[in-house]
Each structure stands twice: as C-alpha cells, then as structure tokens.
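# Inside the fold
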Amino acid sequence: MTSTVETADFRQSVLRHQPFRLFWLARVCSSVALQMQAVAVGWQIYALTGSVFYLGLVGLAQFLPMFLLTLAVGHVADRYDRRRIAGTCQVLEGMALVLLALGSYGGWLGKDGILAVVFAAGALRAFEGPTMLALVPWLVPQELIPRASAWSASANQTASIAGPALGGLLYALGPTTVYTTAAVLFFAASLLLSRIRLDRAPVKREPATVRSLFAGIAFIRSRQEILGAISLDLFAVLLGGATALLPVFARDILHTGPLGLGMLRAAPAMGALGVSLLLARRPLRQRVGRTMFLSVFLFGVATVVFGISTSFPISMAALMVLGAADIVSVVIRASLVQIETPDEMRGRVSAVNSMFIGTSNQLGEFESGVTAALFGTVPAVLIGGVGTMVVVLLWMRLFPRLLQVDKLGE
C-alpha cells in the first residue's frame, strides 16, 4: 500500500520532470545571486557615501527599469524563446557583477558608477523575472502548475534566507568576493536553463502594435478573478509593509541587536519556505478563492500581532505566520494567472503581474515610512494590518468570482 501511494505521489511530483528540475536550480542560483548583490551594493554604497539618500537611490535604480519596460518585456517574452531570453539576461547580469567586482578591486568604480550598473542590471531583471514566470507552463503539464508554482516560490524563499547570510559572510573578504561569487551563480543559472530541452512548436510572433503591447493589461481587466487576485496582493503588501520598519522594532521596541534583526528579517522567509514546500507536496484541492482571501486576512492579523508585541519570540512567530500566509496567496495568484492565461499572452500578463508586485513592495516600504513618521512606528504597523483586513472584506464584495473559485483550472 505504501509503495503504491509513494508511486502515485511521485507521478504527481514536478521534480520528475527534468526541465523543471533544471529550471528550479537555475531560479535558486539567480535568486541567491540577486540577494547577495543587494547586500554588497547596500553595504558598499553606504560605506562610500554614509548617506541613506543614496541607499534610497539604489532601490529606485532597481525599480525604475521594471516600471518603464513592463510593456516591452511582456511583448518580447511572447514573441521569442523564453529560455533564451532568461538565459541571456542571466549571462549579462553576471557580466554586470564582474564589472562591479573589477571596479571594486581596482578602486575605480565610485558611487555613481555602481548606481549605473545597478540600473542596467535592473533592466535585465525586468526581462528575466516575467519571462521565468511565463516559462513554468512550458515545463510541466497544466495539472501540475500549482505544485510548480509552490516549488518556484520555495526557490525564492530559500534564496531570501541563504542569500543575505552568504553575502554578509563573504563581504568580510570584501565586495569583490561577493560580486564574483554572485556572478558565478548567474552564469550557472544560465547554463542550467540552456540544458532544458522541450519539444514545442515555434513561438507564434504576433506583430508589434500598440494594441498588442497593451493586450496584457486588457486581458487582466477582462478577467475578474485575475484582476481581483493581483490587486488584492497589491494592496495587502502596500498596506502591510511591517518588514520595512524592522530595524526600529529590533532596536527600540524589542531591544535586540544586529543578530536579532537578522533573525527577524529571516522569519517571514522561514514561514513562507515551510508552507511552500507543503503546498508543493499537497496542493490546494478546493475552495481556492476562499483560501486566498483567508490567507490575506491572516496576513493582516499577523501584522497587527507583530505591531503590538513587545516580546521577541512572539514577534518572531507573528512574522513567520505573516510569511506563511503571504506565500499561500502568492502560490494561488501565480497558479491562477498561469492557468487562466493563454500561452501566447503569458509573457505580457506576467510582466504586468511582476510590475504590480514590484510596485507594491517598493511603495509599501515608502508608505510604512511615511505613516511611521506621521503617527509613530507601532500605529503605522497597526494601521497597515487593519487596512489589509478591511481590503479583504471589501474585495470579497467587489470580486465575487474570485471568492467563488473552487479549483484551479476549472
């Protein structure tokens, strides 16, 4: 009996598909490299300038290319081989890091040069991210897309835990070491993608017109469940940006040091990783829409608990629950978008989706900072958590079709 169950489970596992195994490893490599780069650039820019303004410019340099290139990115992903697009971007990102390594080693790359390279790398990631998302349905049968989305999410969470730690450890040897290691990881990711072999018909190239460029936005607006899922995530992350204020909580409220801050930063990813691995093995079977709303509501509750906590263990637990709830929403949204979108439009829809996610992350941090400046740190987090719960209740009325989604793909 056990062997039969194990055999059936293996048949339903995305890991038995070699293309997806290679893709997952490539995603881990590129995500860890990105996290390492973020740590090194942040430390180096602050060491060179001593200015928090320049740290803000680093975030802006990464956000602007994604925002400006969204329409072009989606169109390219739908016209050309997605494996080659992602692989080429990873090679060029690796070369950008080689430039940072050489400039840091030689001492000839200043703060403005670093920002320029970061901007160029951001433009490359603007193409890589949506293309990787749109590539998933090429790698596994449609019924396994929810499992594949969960495994994809686990790659990001693994990188969120391992990447900063590895980057910080290697930075003790200097930024050149971090950049070189991250470059090798990007090259490895590209090599892994190049080994993926798929038996697919040539990609249909739709003529480039104004209408085709905006087709992704038009499609999302026409599908209430997709628009509801994407916008729900946008406002939840926008309002519930408690992680942006972690340094203040760590020092002034929980009275812990840098190690404690590191643990607090890792807590959401730890919760998310555990749940993503669970969903990869046991995907959601029914009441998917209700589960998504419930998970986002729980995200808001966890945010409130974190905001009122003065205990380090309780705060850690709240952040882990926050990350776990968030990843349920992420997996459902990603699966819904991939399954409900025709393949010839997945690049454009994924690009718009990625732009929404990036916007919510960046603006969420800005919103938290402004609210904290106006009302105080704890009230800012409480306002965000309660606001998230209010959005959930409002979205349940505005998007009833999303609430009624029972099974993905049906």
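Here the structure is a predicted model, which means the values were calculated and not measured. (Residues numbered from 1 in each chain as written. Predicted model: local features only at pLDDT ≥ 70, side-chain atom pairs only at ≥ 80, totals over all residues. Heavy atoms only, no water.)

This part takes up the overall build of the protein. Within the protein, the secondary structure is distributed over 17 helices and zero strands. Across the 410 residues of the protein, 53% fall into the buried class. A separation threshold of at least 6 residues defines the contact pool for the protein, and within that pool the share at least 24 residues apart is 87%. Accessible surface, the protein: about 18,700 Å² in total, of which carbon and sulfur atoms supply 66%. (Helix = DSSP H or I, 4+ residues; strand = E, 2+ residues; numbered from the N terminus. Buried < 20%, exposed > 50% of the residue type's maximum accessible area, 1.4 Å probe, protein only. Contact = heavy atoms within 4.5 Å. Areas by Shrake-Rupley, 256 points an atom, 1.4 Å probe, with all protein chains shown as cover.)

Looking at where threonine 388 falls in the secondary structure, it is placed in helix α16 (residues 377-398). Side-chain polar atoms of threonine 388 contact the backbone oxygen of glycine 384, separated by 2.9 Å. (Polar contact = N/O pair within 3.5 Å; in protein donor to acceptor, adjacent residues only side chain to side chain.)

With that out of the way, let us pick up a nonpolar patch on the surface. On the surface, Val91, Leu92, Met95, Val98, Leu99, Leu102, Trp108 and Phe187 cluster together into a nonpolar patch covering about 690 Å² of accessible area. For the nonpolar patch, the element with the highest residue contribution is helix α4 (residues 82-106), accounting for six residues. Along the chain, the position of leucine 99 falls in helix α4. Residue leucine 99 is classed as partly exposed on the basis of its relative accessible area of 37%. (Patch = residues over 30% accessible without salt bridge, like charges linked within 9 Å, V, L, I, M, F, W, Y side chains within 5 Å. Salt bridge = Lys/Arg side-chain N within 4 Å of Asp/Glu carboxyl O.)

Within this structure, the stated rule accounts for three aromatic pairs. Measuring from ring centre to ring centre gives 5.7 Å for phenylalanine 20 and phenylalanine 23, while their planes differ by 35 degrees; the resulting arrangement is tilted. With phenylalanine 20 and phenylalanine 23 both in helix α2 (residues 18-49) and three residues apart, this pair spans about one turn of that helix. Phenylalanine 20 sits in the buried class, given a relative accessible area of 0%. On the basis of relative accessibility, which here comes to 0%, the residue phenylalanine 23 falls in the buried class. With a centroid separation of 5.9 Å and 90 degrees between ring planes, the pair formed by tryptophan 24 and tryptophan 151 is classed as edge-to-face. Here tryptophan 24, found in helix α2, pairs with tryptophan 151, found in helix α6 (residues 145-171); they are 127 residues apart in sequence, far enough to count as distant. (Phe/Tyr/Trp six-rings, centres within 6.5 Å; stacked < 30°, edge-to-face > 60°.)

Let us look at the nonpolar core. One finds Phe20, Phe23, Val41, Leu100, Val140, Leu193 and Leu232 to be the most contacted residues of the largest nonpolar core, which totals 78 residues. Broken down by element, the residue count for this core peaks at 13 residues, all from α2. Phenylalanine 20 has contacts with Val14, Leu139, Val140, Ala148, Trp151 and Ser152, leaving out every residue within four places of it along the chain. Leu245, Ile253, Leu254 and Val381 belong to the second-largest nonpolar core, a separate cluster that totals 15 residues. (Core = buried A, V, L, I, M, F, W, Y, C linked by side-chain atoms within 4.5 Å.)

Their axes nearest at 9 Å, the elements α6 and helix α14 (residues 312-340) cross at an angle of 130 degrees. Between α6 and α14, the interaxial angle falls into the category oblique. Where α6 crosses over α14, the two elements pack in a sense that is right-handed. Taking contact as the criterion, the partners of Ile145, Pro146, Ser149, Ala150, Ala153 and Gln157 in α6 are, on α14, Ile327, Val331, Ala334, Ser335, Gln338 and Ile339. (Axes fitted to C-alpha atoms, helices over the stretch in contact; angles between N-to-C directions. Parallel < 35°, antiparallel > 145°, perpendicular 65-115°, else oblique. Left-handed = near helix turned anticlockwise from the far one by under 90°.)

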